[in-house]
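One letter stands for each residue in the lines below.
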Amino acid sequence: FFRDSGKNCKAVAFSKDGSLFAWCNGEKVNVFNVTRAELLQSFDLPKTVCLEFSPKNNVLATWQAYATAKDGTAGVPNLQLHDLRTGKCLKSFVQKKMQNWCPCWAEDESICARNVNNEVHFFENNNFNTIANKLHLQKVSDFMLSPGAQPAKVAVYVPGSKGAPSFVRLYQYPNFGGPQSALANKSFFKADKVTMLWNKKATAVLVVASTEVDKSGASYYGEQTLHYLAASGESAVVQLPKNGPIYDVAWSPNSVEFCAVYGFMPAKATVFNLKCDPVFDFGTGPRNAAYYSPHGHILVLAGFGNLRGQMEVWDVKNYKLISKPVASDSTYFAWCPDGEHIVTATCAPRLRVGNGYKIWHYTGSVLHAREVPADQEMWQVCWQPFPDGAFPERAVRYQALRVILKTPNSPLSQPSLPPKSPPSTQPSSLHEDEPPQNMKPQLGGSDKPVSKIALKNQRKHEAKKAAKQEAKADAPQGPAQVRTPQNALQNTVPAMTTGDPEVDKKIKNLKKKLKAIEQLKEQAAAGKQLEKNQVEKIQKEAALLKELEDLELGV
């Protein structure tokens, strides 16, 4: 493959199986056969900004920005569908918006669908001259074809108007005859837009409904709710235990679990089953994205964008943390199809400085790093796709790979292992993160689930204990901290008993008073203004010490 240099190479795409690669260089759209290393087709479409292959590589879809003529007449069709075997243009459409520009195909290409003027038009067997079916509702704003084999299903979203709720309906193609023919229906208020996500087996859809503005004023991001629809007809609202935005939702490739990242920062992450019951709670942390590996055995929770780039890599079968690498300033993340490797990248236009990418092993090691020169920008990074099953699932490993990067001039070149800070250098936190918690009911176990309040109290108690131990270890031995010999003695010598409970009680009380005096003296040394009664307490120290000494000598 010869490098194609130039400032106008702005659109690239792989086919779904990774065998074909297309790019536009500002003059032509070229299609390259990766396996045979040869140019397959070339199309004279210099202004192309989006490219996409059909699932079986029969059609290439291209989109150019729509423009009207200077005299105000309608512009020429800007969405083209090309036959990749013959090179002929099968059909041209006018597609004004870049959003959802590409037609959607079923995996066997028997059906192709487009949203046209609030209707979904269906074409069959790549015959784009005849509309085979139409799905017409009040105002279809968005739709999604199901993945996988036939029969194809379609999820459609109709926004609410004039007090009527918005709704999402599931249909099986081609049964579109009225509301009774719908497989499932879910209506809801508070939705300006929705994101619909089919699971891999096409048995259920998750719907994230969003409003542009949160009327309560609690969130800058608007308001989000998460809904579940099954092709069997069941539907539910997914109850999220923490208030705040829904940052990300991801289906596991096994199609029976999904992960949601939600709530005001520090955000919560929870795995739910198909009954929308929580299975595992990852606690809270600085995160806003979730990425399952292609095999579904590893889950990465990450905080990108306005967060620091911390990643948490989890073994999903055992819910054990594998590594916590940090990919600062990342704007892009993707799993390699092998389920072993990850790419993170910093791309323009989101960030125009410090562009580059890193390839990681999921155990936290950086295997390769490339920084783009300061006068250049990097726009896009992507893995070559492979068909499902091309890579077998490997056992999860926890030991990080030890790697020496092979880029000698780069500041990134160093023996790469995940960072492990000593406890004393861990950054201090303004909040207390909740720990992970298994939410599955314990079969056969007599242990009752611990309540949230009990967990919180337990964590507070443990935190106080740890803070006291740390304060003792780190306390500087300045003049203010030097204790009197008698006081030092009473802290190091084991407690003695006199045999007389009354005397023992007096000794205990005296020691308590002396300890309180020590704390007041430390506060005074730190510059705190003491009350009159506190000063009087300090003045009694000598008398209390004498009394204690007399009592102990009498032992």
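Given the structure is predicted, the values throughout are model-derived calculations rather than measurements.

A word on the pattern of salt bridges
- In the structure shown here, the tally under the stated rule is 13 salt bridges.
- The residue Asp550 makes a salt bridge to Lys546 at a minimum N-O spacing of 3.2 Å. Here Lys546 and Asp550 lie together in helix α5 (residues 541-553), a separation of four residues that amounts to about one turn.
- Within the structure, one salt-bridge network assembled from shared partners comprises Glu518, Lys521 and Glu541.

Here we look at the packing of aromatic side chains
- In the structure shown here, the tally under the stated rule is 20 aromatic pairs.
- Summarising the aromatic geometry, the rings of Phe93 and Phe123 are spaced 6.0 Å apart at their centres and angled 45° between planes, so their arrangement reads as tilted. Placement of Phe93 in strand β8 (residues 89-93) and of Phe123 in strand β11 (residues 119-124) is noted, with a sequence separation of 30 residues between them. Of the two residues, Phe93 and Phe123, both sit in the buried class.
- When the ring centre of Phe167 is taken as reference, the NZ or CZ atom of Arg169 above it lies at 4.1 Å.

As for the nonpolar core
- Ranked by size, the top nonpolar core spans 19 residues in total, and within it Val120, Phe122, Leu135, Val154, Val156 and Tyr171 carry the most contacts.
- Where this core is concerned, the elements lending two or more residues are β10 (111-116), β11, β13 (142-145), β14 (153-158) and β15 (166-172).
- Of all hydrophobic cores here, the second largest spans 16 residues; its members include Val261, Ala267, Phe280 and Phe282.

Description of the packing of helix α3 (residues 501-525) against helix α4 (residues 532-539)
- Close contact between α3 and α4 brings their axes to 9 Å; oriented N to C, the two are set at 120°. Relative to α4, the element α3 lies oblique. In terms of crossing hand, the pair formed by α3 and α4 is left-handed. Contacts between α3 and α4 involve Ile517, Leu520 and Lys521 from the former and Gln534, Lys537 and Ile538 from the latter.
- When its residues are assigned to classes, the contact of α3 with α4 shows three nonpolar, one polar and two charged.

Calculation rules
- Residues numbered from 1 in each chain as written.
- Predicted model: local features only at pLDDT ≥ 70, side-chain atom pairs only at ≥ 80, totals over all residues.
- Heavy atoms only, no water.
- Salt bridge = Lys/Arg side-chain N within 4 Å of Asp/Glu carboxyl O.
- Helix = DSSP H or I, 4+ residues; strand = E, 2+ residues; numbered from the N terminus.
- Phe/Tyr/Trp six-rings, centres within 6.5 Å; stacked < 30°, edge-to-face > 60°.
- Buried < 20%, exposed > 50% of the residue type's maximum accessible area, 1.4 Å probe, protein only.
- Lys NZ or Arg CZ within 6 Å of the ring centre and 35° of its normal.
- Core = buried A, V, L, I, M, F, W, Y, C linked by side-chain atoms within 4.5 Å.
- Axes fitted to C-alpha atoms, helices over the stretch in contact; angles between N-to-C directions.
- Parallel < 35°, antiparallel > 145°, perpendicular 65-115°, else oblique.
- Left-handed = near helix turned anticlockwise from the far one by under 90°.
- Contact = heavy atoms within 4.5 Å.
- Nonpolar A, V, L, I, M, F, W, Y, C, P; charged D, E, K, R; others polar.

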